[in-house]
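Residue-level structural notes
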Amino acid sequence: MWPSVRLAVVASVASKKPAVLGENKETMRSVAQRSEQQLVPGLSVALAMLGALLAGSCGYRLRLSAAIQDPMQWADEPVAKADLLRQLGSDALLSLCVAALVWLFALGLGRLGRGSWLRRLALGALSALLLLSGMLLQAQHGTLLAMHSGLTLTLLKESLDPTAIRESWALLPRSELPYLLVPLGGFWLLYLTQRLHRFTQLVVAAGLGIVTVGLLTWALRVPAAPLQEALLHHPLGFVATELWHSQRAPTKLPTVGVSTAAAATRDRALDGPSDESALDQPAESQPGEEDTSASLTLPASVGRPTMALLTPQFVYSDAERPIQHAKPSPPSEPLNVIVLLLESTGADYALSPMPNGKLAMPFLRSLCDKGLWLQNHFSAGNSSPRGIFSLMSGLYVMPEVGIWDVRKDIYLPSLLTYLPTQYQRFLVTPASLDWYFPHAYMMHGGFSDLVGYHNLPIRKNAPGGRAHARDEAETVSVFLQKLSVAAQRKEPFVAVYYSFLAHWPYPDYGKESHIVEPTRPIHLYYNNLHFLDGQLERIYKKADALGLLERTVFVIAGDHGEAFGQHPHNYTHSRQSFNENYRTPALLLHPKLFAPRVVTEPTSHVDFLPTLLDALGQKYDPQQLQGESLFQDRFRRRYIFLYGNEDTSSSVSADLIKLQVSLRDGTCWTYDLQSDPGERKRLGCGPHRAQYEALLSYRKHQQQSLRQYNAVFRREQSQVSAPTAQLALPARPSPSL
């Protein structure tokens, strides 16, 4: 009996199994639905967003605090780890506000409908924003370590360019890739965890609540340390603050006066009293909004503007300053030109003794005694594109925050535009031609053979893994090969070598390059200058072996200077406008054209082109250039002009008064470089009203004239094919300023 009963029971259970399984599925689905309905709508997304932002902030602060404690990564004033981590409280408040906004957004979507496609679209948008958040954290971290400054709106705009994104991705070490994904990964981990059960959501909510309250309590109980804004704020908050200031920033300089009162209270103010002399500003010289276009739309009848600054506001009269010209006779045969452009090479580091008494660049210093040495030389800008443009064009840069020189529609003349078409021309650099380099301008100006990071026949990178450049020594070898080929041909050539290794992050080329034990970033910099000096010697000796020295003009100059904290928070080159950011080595070499001579008056990159054209025996219209030839005993100009990425316009007078106007905060100040070469005592602009007005007039002239010249010259290029014909002197030059 029992076996038959057992079989009957088993048969009965087997027959009912499908129904039971179906009931279980329905039960599980209904339970899940009820569980989901019991959750507060949108809370899981808001909590996941809060956790993701907190995770990103913690990772960012911990990485930054570790880097700041490393003297090889942070050379600025020391920052206590606790002071930096205390700012997690403000980060938590920001994260809480963003999470609340996400919650409100989720509630709004819930009222519109509960379609899965709408939820997926919203989650996809949040994922994209979190990925951008990770990129912002990484960018701010890198900018702080490189420039000791935050990710300003200008830098942010530049970094959003597709080419810049590609180069940044190539520059990013793969070991740092996970940091980009921390916010995104944290969001999905917390979101999916909460979907498991209501209990898990309660655990996540409780944990995040404890962490948030703890961080907020820490921030409320401990006062904030006096850190610079880029360290105080979360990167998202810093960018928002920058945006707020940009909307509220003054669009004109003060009419009450242009004293240093406001500037003296800023975080970069220096020791010493300020001269509060007032200086009224004429209304017509008030700066307007920046025009981001490269050219103007002009009628066909409009010709080239006069670029030279020729009015008494800018130049001395013949009676005030008689000048003797000594232009050389045209050479019997065309001369070659070799330009050695040295990235981030400051004059004092390269040519003055280091603290240990040694010279970082002894070979370069020896060349200074063989030619025309410009001992007080300034780049026209504190960034590479501006420095290269001014050297090659003989024109000052566009005095606007956006780097005009890297635009794709710049067609202004360059050195090669003035030379016959028979000239061979090439440029070699270990760096990228698409990364802060005036690529389009150089191409339009005649440099058809440009060789850089992506098209060099070598793949060995600079050591360290962070420098976006090929190995410097191997790149020089490529340049020497091209130089040998050019020398074997009958045609003359223009050859440009543009170095990289003195640029941040200062890759270490090994003990052979060491002139000082590297314990600080500046030591790596000195060592790289020493290594670069050896590469310059290789190039010079190769030119000598090829028999080129007698028929080649050498131009050697830095594209801009470099800073290592001589003034508060001034590191690298492109965020402040002190002399260390602008002054570079500069010399011209040719055994017959340039006898050994030292020029101590202020000179500028714009002086190279007219000097070279005189040396090569090429005709040009001096009204189309803003520099002066060095084949004269003195300069006619009253000032040279500089422009910094941080929106500071500067002028240096013949008697070494350096006057600066910040268009960012509407202040003006001066330095007397004769008595204060280190720029330690800021003075007022009151005693130098003429120089102040000349600077504002120059800025207005430059913004209009560069655009007009670019438009007219582009039109002429489209009508005439021969470069030499393009520079025929205009019949009626426009009135000068």
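Note that the structure is predicted; figures quoted are calculated from it, not measured. For every chain, the first residue of its written sequence is number 1, and the numbers climb from 1 along that sequence. Confidence filtering applies because this is a predicted model: local features only for residues at pLDDT of at least 70, side-chain atom pairs given and counted only at 80 or more, and all residues used for totals across whole chains, interfaces and linings. Note that water and hydrogens are dropped before the side-chain values are worked out from all heavy atoms of the structure.

In spatial order, the strands read β13-β14-β15-β16; together these four strands make up an open sheet with antiparallel pairing. Of all strands in the sheet, those bounded by a partner on one side alone are β13 (639-644) and β16 (667-672). With strand direction ignored, the average angle separating the axes of adjacent strands in the sheet is 20 degrees. Two strands pair when backbone bridges link them, and strand β14 (residues 648-653) and strand β15 (residues 657-662) are joined in this way by five bridges, in the antiparallel orientation. Considered in β15, the bridge of Val652 is made with Lys658. Any two residues whose heavy atoms approach within 4.5 Å at even a single point are treated as in contact. Between N-to-C directions, angles span 0 to 180 degrees; the directions come from axes that are lines fitted to C-alpha atoms, helices contributing only their stretch in contact. Only DSSP runs of H or I covering at least 4 residues are called helices, and only runs of E covering at least 2 are called strands; the numbering of each starts at the N terminus. Across the sheet, helix α23 (residues 689-719) lies against β13, β14, β15 and β16, angled at about 125 degrees from β14, the strand it touches most. Two strands qualify as a pair provided DSSP detects at least 2 bridges between them.

Only a pair of cysteine sulfur atoms within 2.5 Å qualifies as a disulfide here. Taken as a whole, this structure holds one disulfide when the rule is applied. Residue Cys668 pairs covalently with Cys685 via a disulfide, S to S 1.9 Å. On the sign convention where negative means left-handed, the S-S torsion of about -95 degrees between Cys668 and Cys685 marks this disulfide as left-handed. Here the residue Cys668 occupies a position in strand β16, and Cys685 occupies one in the loop between β16 and α23, the gap between them amounting to 17 residues. Note on accessibility: Cys668 and Cys685 belong to one class, buried. Burial classes: relative accessible area under 20% of the type maximum marks a residue as buried, over 50% as exposed, and values in between as partly exposed (1.4 Å probe, protein chains only).

Moving on, we come to the sheet that holds strand β10 (residues 586-589). Spatially, β5-β4-β6-β1-β7-β10-β2-β11 is the arrangement adopted by the eight strands of the open sheet, whose pairing is mixed. The two strands at the open ends of the sheet, each matched to only one other strand, are β5 (450-451) and β11 (597-599). Relative to strand β7 (residues 552-558), strand β1 (residues 336-342) is paired through seven bridges, and the arrangement is parallel. Paired with Asn336 across the strands is Thr552, a residue of β7.

This part is about the nonpolar core. Take the buried residues of types Ala, Val, Leu, Ile, Met, Phe, Trp, Tyr and Cys, join any two whose side-chain atoms come within 4.5 Å, and each joined set is a nonpolar core. One finds Met392, Leu412, Met442, Phe447 and Val494 to be the most contacted residues of the largest nonpolar core, which totals 84 residues. Counting residues per element, this core draws most heavily on α23, which supplies eight residues. Setting aside residues up to four positions removed in sequence, Val494 forms contacts with Val337, Leu415, Leu416, Leu419, Tyr423, Gln424, Arg425, Phe426 and Phe447. Counting 53 residues, the second-largest nonpolar core is a separate cluster that includes Leu483, Tyr497, Ile539 and Leu548.

So, on to the packing of aromatic side chains. Only the six-membered ring of Trp is used, alongside the rings of Phe and Tyr, when aromatic pairs are assigned; centres must lie within 6.5 Å, and planes under 30 degrees apart are stacked while those over 60 apart are edge-to-face, with the rest tilted. Per the counting criterion, the structure on display carries 26 aromatic pairs. Ring centres 5.1 Å apart and planes at 85 degrees place the aromatic pair Tyr349 and Tyr525 in the edge-to-face group. Residue Tyr349 is located in helix α14 (residues 347-351), and its partner Tyr525 is located in helix α20 (residues 521-545); the two are separated by 176 residues in the primary sequence. The exposure classification of Tyr349 matches that of Tyr525, with both residues buried. Here the aromatic residues Phe314, Tyr396, Tyr639, Phe641 and Tyr698 are joined through ring pairs into a cluster of three or more.

So, about the packing of helix α19 (residues 472-488) against α20. Running from N to C, α19 and α20 point in directions that differ by 15 degrees, and their axes come no closer than 10 Å. Comparing their axes, α20 and α19 come out roughly parallel. Handedness of the crossing formed by α19 with α20: right-handed. Contact residues: α19 offers Glu472, Ala473, Val476, Ser477, Phe479, Leu480 and Ser484, while α20 offers Phe531, Gln535, Arg538, Ile539 and Lys542. Throughout, the ten residues Ala, Val, Leu, Ile, Met, Phe, Trp, Tyr, Cys and Pro are labelled nonpolar, Asp, Glu, Lys and Arg are labelled charged, and all others, Gly among them, are labelled polar. The residue makeup of the contact of α19 with α20, split by class, is six nonpolar, three polar and three charged. Our angle categories are set so that under 35 degrees counts as roughly parallel, over 145 as roughly antiparallel, 65 to 115 as roughly perpendicular, and the remainder as oblique. With the far helix as reference, a near helix turned anticlockwise by less than a right angle produces a left-handed crossing, and one turned clockwise produces a right-handed crossing.

Take helix α10 (residues 198-221) next. Expected helix span is computed as 1.5 Å times (number of residues minus one). Over its 24 residues, α10 runs 34 Å from end to end, which matches the ideal 34 Å to within 8%, given 1.5 Å per residue. What α10 keeps buried is the set Thr200, Gln201, Val204, Leu208, Thr212, Leu215 and Ala219.

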